[in-house]
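The residues making up each chain are set out below.
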Amino acid sequence: MLIGLHLGNGYGSQPGAWRMPGVDPKNYTSFDARVKQAQAAERGKFQFIFLPDGPGAVMSDIETESPSFNLDVMLTLAAVARETEHIGLVATGSTTFNEPYNLARQFKALDVMSHGRAGWNAVTSSGNDVAANYGRTIPSSGERYGRAHEAVQLIQALWGSWGKDAWVHDQESGQFAKKDQIVPINLQGKYVGSRGPLYIPPSEQGQPIIFHAGGSPNAHELAGRFANAVIGAAFTIEDARAQRNAFRAAAKRYGRDPDEIKYIPGLMTTIAKDRRTALDRRIQLTGDLFPQRVAYLQQMLGISLDPTRLDEPLSKAQLAAALPSRHDPRSPHALKIAKEGWSLRDILAHGVIDYHPVIVGPGVEAADHMQTWFEAGAADGFWISPDVNTDGIDAFVDEVVPILQERGLFHREYEGKTLREHLGAPDQYGIDPRV
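About the criteria used
Just so you know, the residues in each chain are numbered from 1, in the order the chain's sequence is written. Only residues with pLDDT of 70 or above have their local features reported here, since the model is predicted, and side-chain atom pairs are shown and tallied only from 80 upward, although totals for entire chains, interfaces and linings are computed over all residues. Heavy atoms from the whole structure form the basis of all side-chain values; hydrogens and water molecules are not counted. Any two rings among Phe, Tyr and Trp, with Trp reduced to its six-membered ring, count as a pair given centres within 6.5 Å; such a pair is stacked if its planes are under 30 degrees apart, edge-to-face if over 60, and tilted if neither. Numbered from the N terminus, helices here are DSSP runs of H or I no shorter than four residues, and strands are runs of E no shorter than two. Burial classes: relative accessible area under 20% of the type maximum marks a residue as buried, over 50% as exposed, and values in between as partly exposed (1.4 Å probe, protein chains only). When DSSP finds two or more bridges between two strands, those strands count as paired. Contacts are assigned to residue pairs with any non-hydrogen atoms lying within 4.5 Å of each other. We call a set of buried residues a nonpolar core when its members are Ala, Val, Leu, Ile, Met, Phe, Trp, Tyr or Cys and they connect through side-chain atoms within 4.5 Å of each other. A pocket here means an open set of points on a 1 Å grid, computed over the protein atoms alone, that has protein on both sides within 12 Å along at least five of seven lines. A cavity is instead a set of points where a 1.4 Å probe fits but cannot get out; residues with an atom within 4 Å of a point line either one. Grid points are joined across faces, edges and corners, and a volume is the space filled by probe spheres set on the points. Following the grouping adopted for this structure description, the nonpolar residues are Ala, Val, Leu, Ile, Met, Phe, Trp, Tyr, Cys and Pro, the charged ones are Asp, Glu, Lys and Arg, and the polar ones are all others, Gly among them. N or O atoms closer than or at 3.5 Å make up a polar contact, with two conditions inside protein: a donor-capable atom paired with an acceptor-capable one, and, for residues adjacent in sequence, both atoms drawn from side chains.

### Considering the packing of aromatic side chains
Stage number 1. Inspection of every chain in the model, using the stated rule, returns nine aromatic pairs.
Stage number 2. Considering the side-chain rings of Trp120 and Trp159, the 6.2 Å spacing of their centres and the 85° angle between planes classify their relative orientation as edge-to-face. Within this pair, whereas Trp120 is found in strand 4 (residues 118-123), its partner Trp159 is found in helix 5 (residues 141-159), the two being separated by 39 residues in sequence. For the pair formed by Trp120 and Trp159, the shared burial category is buried.
Stage number 3. In textbook terms, an aromatic cluster arises when at least three aromatic residues are bridged by ring pairs, as seen for Phe107, Trp120 and Trp159.

Okay, here's the thing in structure tokens:
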């Protein structure tokens, strides 16, 4: 299976991570911290790190919490590239508010700098709070995805605008490059265009890998046409398998081998020696938010809950009346945890309202979850969001990875040096001729 690391604000995936003992509260602006965290993932032989981005989204909780994203994803990966050797470097770049030529240049430069380890998570922006920072309102879905389809093709054309053997750099003869192999692309669509060429030669993997994140029919089409990996979100095996099959079917519609597209859902982790220790750690991290989170849990279970009685389990009458919301895929798992007799505080500490499945306990529980989903055809791998990066990445590497390796589910060493090799993606230079 494939394993990636979610590397966001430098602290971890849980609110309160920045205040945990042993965490440097200045990690939000520390590129050294990101390098150290990426090196921990590389020690665990992760195939990639993944940096989401939301350019300028309003942070309503900035009074008490760090923003969720990096200062700048490309600068962060440039710093990481210089201090790692194998791990893939994937960042989000919106096609909605970036010019294709700029994206092409940034990601290709990173690809060359990292010796073929770059990946671009090609997504559209969807929030008016982000659009406002560019002096605009958010375009319609059709316009956003129409632009995205054009932008990806344009960027791949720019990536391939140097012939593979164009760069000669022969000091003796004085020939730097073969001019006739570096040519404009001259592409113009409804939304974007470029003359080209890009002035960057091929990397060791030719050009960056395309990722996508999303689950809508529009996402299926964009990823099915271009992506080699999809960053997903699913709470059940059935949902994950359906999403994976939808992306594979979309790839097939565009004349591609479905095995070329890898579906990688998220997994959040709090790894500790036992369940109680892990729950107490989660309570230390997020317990201040539990009274207000009770309201979410009420909606998920369809019953009234008292936020002043956090240390009591749900009554028999409450459990009998509880009905999982059909609008929230997290609800059945929340009810399952409640029926195990945990207190209301512990139910919330299990992460039942987090945005990915959550493992709270020893490493074997994470390994079991990953094996079950992987063998059920629900995932080709996982991107991991540790609760606290400072020690949570090492905990996963030391407690989960060895189990997966012993079970023959995860590699022991990198077999290649490029992200394309890590993912088993086919060679591609320029636009895919099949698409």
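### Digging into the pairing of strand 3 (residues 88-94)
Stage number 1. Counted residue by residue, strand 3 has seven buried out of seven residues, so it is predominantly covered.
Stage number 2. Neither face of strand 3 is open: one carries Gly88, Val90, Thr92 and Ser94, the other Leu89, Ala91 and Gly93, and all of them are buried.
Stage number 3. Bridge count for strand 3 against strand 4 is six bridges, and the pairing is parallel. By the bridge assignment for strand 4, Thr92 is matched with Asn121.

### Brief notes about helix 6 (residues 217-226)
Owing to its 3.6 residues per turn, the α-helix brings residues three or four apart onto one side.
Stage number 1. Burial runs high along helix 6: seven of the ten residues are buried.
Stage number 2. Residues of helix 6 that are buried include every one of Ala219, His220, Leu222, Ala223, Gly224, Arg225 and Phe226, and no others.
Stage number 3. Elements in contact with the buried residues of helix 6: strand 4, helix 5, strand 9 (209-213), strand 10 (229-232) and helix 7 (237-253).

### Here's the deal with the environment of Glu415
Stage number 1. Here Glu415 shows up in the loop between helix 15 (401-406) and helix 16 (419-423).
Stage number 2. A residue is classified by how much of its surface remains accessible, and Glu415, at 79% relative accessible area, is exposed.
Stage number 3. Sequence spacing of Glu415 and Val360 is 55 residues, and the spatial spacing of their C-alpha atoms is 32 Å.

### Things to note about the nonpolar core
Stage number 1. Residues Ile3, Phe46, Ile49, Trp120, Met370 and Leu404 are the most contacted members of the largest nonpolar core, which totals 74 residues.
Stage number 2. When residues of this core are assigned to their parent elements, the largest contribution, eight residues, is made by helix 5.
Stage number 3. For Ile49, the contacting residues outside a window of four places in its chain are Leu5, Leu7, Ala38, Ala41, Leu77, Val80, Ile87, Gly88, Leu89 and Val90.
Stage number 4. Core analysis: the next-biggest nonpolar cluster, separate from the first, contains 26 residues, Leu279, Leu335, Ala338 and Ala349 among them.

### A word on unusual backbone geometry
Stage number 1. For the peptide bond that leads from Gly196 to Pro197, omega is 0°, which places it in the cis range.
Stage number 2. Summarising the element assignment, Pro197 is placed in the loop between strand 8 (193-194) and strand 9.
Stage number 3. We note that Lys45 has phi near 65°; this positive angle belongs to a residue other than glycine.
Stage number 4. Here Lys45 shows up in the loop between helix 1 (31-43) and strand 2 (48-51).
Stage number 5. For His115, which is not glycine, the phi torsion reads 60° and is therefore positive.
Stage number 6. Topologically, His115 is positioned in the loop between helix 3 (100-113) and strand 4.

### Points about empty space enclosed by the protein
Stage number 1. Tallied over the entire structure, the rule returns one cavity of 30 Å³ or more.
Stage number 2. As a volume, the largest cavity reaches approximately 30 Å³.
Stage number 3. For the largest cavity, the full set of lining residues is Gln156, Gln207, Pro208, Ile209, Ile210, Phe226, Asn228, Arg420 and Gln428.
Stage number 4. Residues of the lining of the largest cavity, tallied by class, amount to four nonpolar, four polar and one charged.

### Side note on the side chain of Asp328
Stage number 1. Following the sequence through the fold, Asp328 ends up in the loop between helix 10 (316-321) and helix 11 (331-339).
Stage number 2. Engagement of the side chain of Asp328 in a polar contact is seen with the side chain of Arg330, the distance being 2.7 Å.

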